[in-house]
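# Fold and geometry: a report
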Amino acid sequence: MADQFDLRAELAAYLDDPSSVATQLDLSSASQKECDRYINTTIDTLSTSPEAIKNDEIFDVLKALLKNCAALTPTQMSKIMDLIVSSLQSETEILASDIEQPDPELLVLHRQICEMYAFLLQWVVIAADGAQAAKAVPARRGKTAKPKAAIEPTTWDSTSQVQAALDVVCRLLGLKLGRIWQTTSERDLFIGLFTRPIWLIAESEQRMKVVALRMRMYKVLCISIKHHGQAFAAQTSIVQALQYFEHLSEHTAEFLQILAEQYDYPQLAEEVVRELSSKEFAAADTKGPKSVATFVVKLSELLPRSVLKQMTSLARQLDSEAYAARNGVIEVCGNLIAYMSQQEQSDQAENHKTQINGFFDVLEERFLDINPYCRSKVCQVYTRLCDLETKFPKRKQIVADLAVRSLEDKSSNVRRNAIRLLTKLLSTHPFGLMHGGQLTQNEWIARLEQVNAELTALEPPVGTPGLAEKAPSTDVEDILDDATEASIMDVDMDDAGEEAPSTPRKKAPARDEEATPKAQQPKEVDQESLMRLQLTKRYYTEALRFIESLHEGSKVVAQLLASKNKSEIIEAMDFFVVADAYKLETSKLGIRKMLHLIWTKGNSDEGKGVQSHLIECYRGLFFEAPDHLSPNDAANFVARNMMSLTYGATLAELTSLEQLLSTMMKEGDYISDHVVQKLWQVYGVQRKEISKSQRRGAIIVLGMLGLANPEVIVNELETLLRVGLGLLGRTDLALAKYSCIALQRIQPNRKATQGQPDRATVAKLPNDHTVFSRLYSIVLMSSGSKEWFGVAEQAINAIYLLAEHPDIICGEAIRQKTRAVFQRTAQYHAEDAMEVEDGEQETVADTEASQDQSTTGLAQLLFIVGHVAIKQIVHIEATEREFKRRKANAAKKSAASAFSKGAPVEADELEAIGGTSEDDFTDAMAQIREHELLYGDKSLLARFGPMIADICQNNLVYKDKDLQSAAALALAKLMCVSSEFCERHLPLLLTILERSHDPITRSNVVIALGDMTVCFNHLVDENTDFLYRRLNDRDPSVTKTCLMTLTFLILAGQIKVRGQLAGMAKCLENSDKRIADLAKMFFTELATKDNAIYNGFTDIFSVLSADQEVSEDTFRRIVKFLMTFIEKEKHAKQLADKLVSRLPHCDSERAWNDVAYALSLLPHKNEDIQKTIAEGYKFAGVEA
């Protein structure tokens, strides 16, 4: 049979079905012992004589064994493969010595033997690869998993044997096979026996991870392509494999690199790229384009010259519907730019420059790609290009502008990459050669102005004789077309007195002085200086343009700090950290805005990630001193930075800074004790060198640190009393206020002590403590400054927080202040009467000053009364809470004691007694609050209620603005104490809200009404329309306050919405961005409630559509925003039915258009609705 071996027929039968290959021996039912016997016999025969394969029985046995390979054990398969490989190796060595023999019959014999072994090798390698694949992908699900006994035959690892086989094949292919297989078809058929298994092995991702195996596969393919004409077959296999196997993308590029560099055959890479360029990919196809793109990108890194030659055809993929293909071309452009920029200067430099500009043009166009992934890819490519040694300054400016534009992209992924690109552009900017790289705009403007002045001085007057003839031959604009750095580097080196570069150019005038005739020297100096100044001016102008782009971009990045995408926020923070390092002025805005991210919450680690990244950013910016500083100087450095964070900070920024510093203090390592000591030194030192802002900043920071660790304040309490509540505090009321706030940190708040019972029960101080005498004097001190109110508020807060009996201290303060105010008033009237009797005339200024002093004192008294009333309520609630805590602890101890003694405890009886006692105590506290504080015979506050109401009612008599504001605030606070008092004076307060001309008073009343809604909902609920009216207040601050108050009340469920949401919706288009953002936040949160937007949409729509003050564009923007919250299909359908029913009843075209627009935004539109809208308003009018 072997004498008649037909490779083509055998191969066709094998490829059709290996089990259909004809054999005389049937081993399908043979036992393992029989198979072993056949294998051992064959090994004995072939090991002594490889040409014995021509024996019919031997060849038939091997085919029968391979035909039944599924039933063979791994050991048996391993023996068969070793036999075939070793026999082929022996035959190869024999052939190597006989191939030069002139005997044709001998070559025919070798040909037949090689074909038979090659056929068997293909079979066994493919069978081994199938076993390896079965091992790599075991069954995962219990129902389909095979038992261990069935998996055992697939545990054979044939990797090392396949490597040995490939080594033999390489040796065989290295021979002059053309002498044996003289026709191309015969040789291709024979070579295919070796390459076909290789391509099948390549389909296994696990196999391709073995480097030694992969390199041998590459070697076989390279030899077959280079020496045996297999390029076209390889090209076909590569193109097909790339479209179906993603893991082959980079491996194929690696193979083509080896083929091109080690075997000098780059043609295949070019042909593969050319063929792939002509492919058309559908938009829905994701696997093929992605794999091809990855291959081309990798190839452009490994063989850029080959890809560059095919770039014209590859560029056609920019029009592909598949975004992955476009992504690949974009990345290839970046790789080719990097490659050409690194090439040495040569004759092709100009050609390279043209090509680089073309690639840059392609990348810039892709900023407008319709797919966000492509736009993101462009940003990523440019980010990598920024790290090149060649800076391309002109292109960087264009890219900076495009990156700034991309910051407003609708895709968060594009925005994130645009921020990263802008950060990289900033850190690699080309303007650091002359002045160190800092980008402070004012400094660059000053430099440009100086250069302009020097140019003006050097330029000769117009019409100077010989000016045209003496002009320099070099065109300045031509020089400026080159890279900016080159020109400025030359200027900088001359200025520094360095040695001239090897490139020939004019020497500096100072060195050329001796060789130049004196008559000509000044003219040359002027001409060269003029050119150098013009270059410097161009340099400064380009730098300023770049800085302006960064300023514009940083404003948008600051807005992106409020993004919902956490990774986008982190990139924005990194941008401002880098911007601060380069002294960009707008970085301060972003760094301050970053503070608010400390409140970021997240259900996953994203929220914590933002907080931790913020802390790390601030640590690098403010809490890490340079390494060269001593420990003392480092502490001074950090303390100075911490104080600077408070300069010019708003209340919101200080609140966020407090949370940040307290968090850092709790975590430990960020703020050392040495830094705290330095802050206390700044606060307590008695020197004029310490400014007010520094001293204030120190105590503000210390108060923030005390929130996390009260010991920071307790240890320096004496310093706090001496400075903040002493003489310095009286001269600087802001310092006194922040000192009072820091003093409150001695008593940890309940939120800070949750889970820390040892810190939750800090003993309060006795009333005769020095702290309260200082606070008492601060409250009663005479001052005409409005800052007094803030100091008094915090001083009273401190008294109520720290004192054992704060009501006694504050009651005495009210009495003392009352005496001071009314005795001064009585004395003023008595003196006035005496002066009138004596005929003396008091000046108008003295009279007004006395009256102002009197009204200021009265306003301060009313403020104290109102704030004490509020704090007294808090004190009562705290007392009730403390009573319940003590009683619960006593009950626990009593139960534990009784249990330990074995005495029976009647649980129900104890619970009844305890419940009654708590109820009685709660009722007593409610009685005190409702009736005793403002109506009791012995109540001090009860004396002031009528007086405050009288002042508010008679605003024409008591005309002072501050007095009226204080009286209204005090009245509002007293109304929060008692429902009876609230009910009696609610009409008066609403009148003040409607008629007061002071926006501060209106804002205070709005906040008070919000508090009353929580306390006495049944009284205020019917008057919420007064609150909603303030949304249209003429002052933006009142509108903002009202919006914030209503947001809290509605979202907390304190008030029910009855069609007033239209007023909130109008705030979405408020000219004040803060108000519009608050309104967006409100509706976003409201949408999380049970169908709240859907339930209120029709009312909002009706009110806005009928409101003549709301323009059509404004109406559409509001409705479009609200429609984004109608997500359920059922709601969309019901809403569409409600709206379409309005169309026949619209009395104007505007109303009809409003309904039609709203319907167009809904995803659910049936044919009837579309038909009705298509017929237009005229039809609707006829129906109506």
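Residues numbered from 1 in each chain as written. Predicted model: local features only at pLDDT ≥ 70, side-chain atom pairs only at ≥ 80, totals over all residues. Heavy atoms only, no water.

So, on to the overall build of the protein. Scanning the protein from terminus to terminus reveals 56 helices and zero strands. Residues counted as buried form 48% of the 1184 residues belonging to the protein. (Helix = DSSP H or I, 4+ residues; strand = E, 2+ residues; numbered from the N terminus. Buried < 20%, exposed > 50% of the residue type's maximum accessible area, 1.4 Å probe, protein only.)

This next bit is on the packing of helix α13 (residues 267–277) against helix α14 (residues 287–302). Taken N-terminus to C-terminus, the directions of α13 and α14 make an angle of 145°; their axes are 12 Å apart at the nearest point. The two elements α13 and α14 cross, and the hand of that crossing is left-handed. Listed contacts from α14 to Ala269, Val272, Val273 and Leu276 of α13 are Val292, Phe295 and Leu299. (Axes fitted to C-alpha atoms, helices over the stretch in contact; angles between N-to-C directions. Left-handed = near helix turned anticlockwise from the far one by under 90°. Contact = heavy atoms within 4.5 Å.)

A full pass over the atoms with the stated rule returns 43 salt bridges. As a salt-bridge pair, Arg384 and Glu331 come within 3.2 Å of each other at their nearest N and O atoms. Taken together, the residues span a long stretch of sequence, with Arg384 in helix α19 (residues 372–385) and Glu331 in helix α17 (residues 323–341) at a distance of 53 residues. We note a salt bridge from Glu880 to Lys884, for which the minimum N-O separation is 3.4 Å. Here Glu880 and its partner Lys884 are both found in helix α41 (residues 844–901), four residues apart, which amounts to about one turn of the helix. (Salt bridge = Lys/Arg side-chain N within 4 Å of Asp/Glu carboxyl O.)

Time to look at helix α45 (residues 979–995). Taking 1.5 Å per residue as the helical rise, α45 with its 17 residues ought to reach 24 Å, and the 24 Å between its terminal C-alpha atoms agrees with that figure. Along its length, α45 shows its largest kink, about 55°, at His985, and proline Pro987 lies within four residues downstream of that point. Of the residues making up α45, those classed as buried are Ser979, Phe981, Cys982, His985, Leu986, Leu988, Leu989, Leu990, Ile992 and Leu993. The residue sitting at the N-terminus of α45 and contributing the capping side-chain oxygen is Ser978; that oxygen lies 3.2 Å from the backbone nitrogen of Glu980. (Expected span 1.5 Å × (residues − 1). Bend = angle between axes of the 7 residues up to and from the residue. Polar contact = N/O pair within 3.5 Å; in protein donor to acceptor, adjacent residues only side chain to side chain.)

With that out of the way, let us pick up the environment of Ile53. Secondary-structure assignment places Ile53 in the loop between α2 (32–48) and α3 (56–67). Judged by relative accessible area, Ile53 falls into the buried class, the value being 0%. With 34 residues separating them in the primary sequence, Ile53 and Ser87 have C-alpha atoms 9.0 Å apart.

Taken as a whole, this structure holds 26 aromatic pairs when the rule is applied. With a centroid separation of 5.8 Å and an interplanar angle of 45°, the aromatic rings of Phe431 and Phe546 are classed as tilted. Remark: Phe546 occurs in helix α25 (residues 521–560) and Phe431 occurs in the loop between α21 (412–427) and α22 (441–458); sequence separation between them is 115 residues. Site record: aromatic cluster; members linked through ring pairs are Phe431, Trp444, Tyr539, Tyr540 and Phe546. Over the aromatic face of Phe1026 sits the side chain of Arg1029, whose NZ or CZ is 4.6 Å from the ring centroid. The residue whose ring lies beneath Arg1150 is Phe1115, and the NZ or CZ to ring-centre distance is 5.8 Å. (Phe/Tyr/Trp six-rings, centres within 6.5 Å; stacked < 30°, edge-to-face > 60°. Lys NZ or Arg CZ within 6 Å of the ring centre and 35° of its normal.)

On to the side chain of Asp1021, then. In this structure, Asp1021 sits in the loop between α47 (1017–1020) and α48 (1024–1029). The residues touching Asp1021, leaving out its near neighbours within four places in the chain, are Ile1055 and Arg1058.

In this model helix α26 (residues 566–581) runs 23 Å from its N-terminal to its C-terminal C-alpha over 16 residues, within 8% of the 22 Å that 1.5 Å per residue would give. Listed as buried for α26 are Lys566, Glu568, Ile569, Glu571, Ala572, Met573, Phe575, Phe576, Ala579 and Asp580. Just downstream of α26, Lys583 is the residue with a positive phi angle, here 60°.

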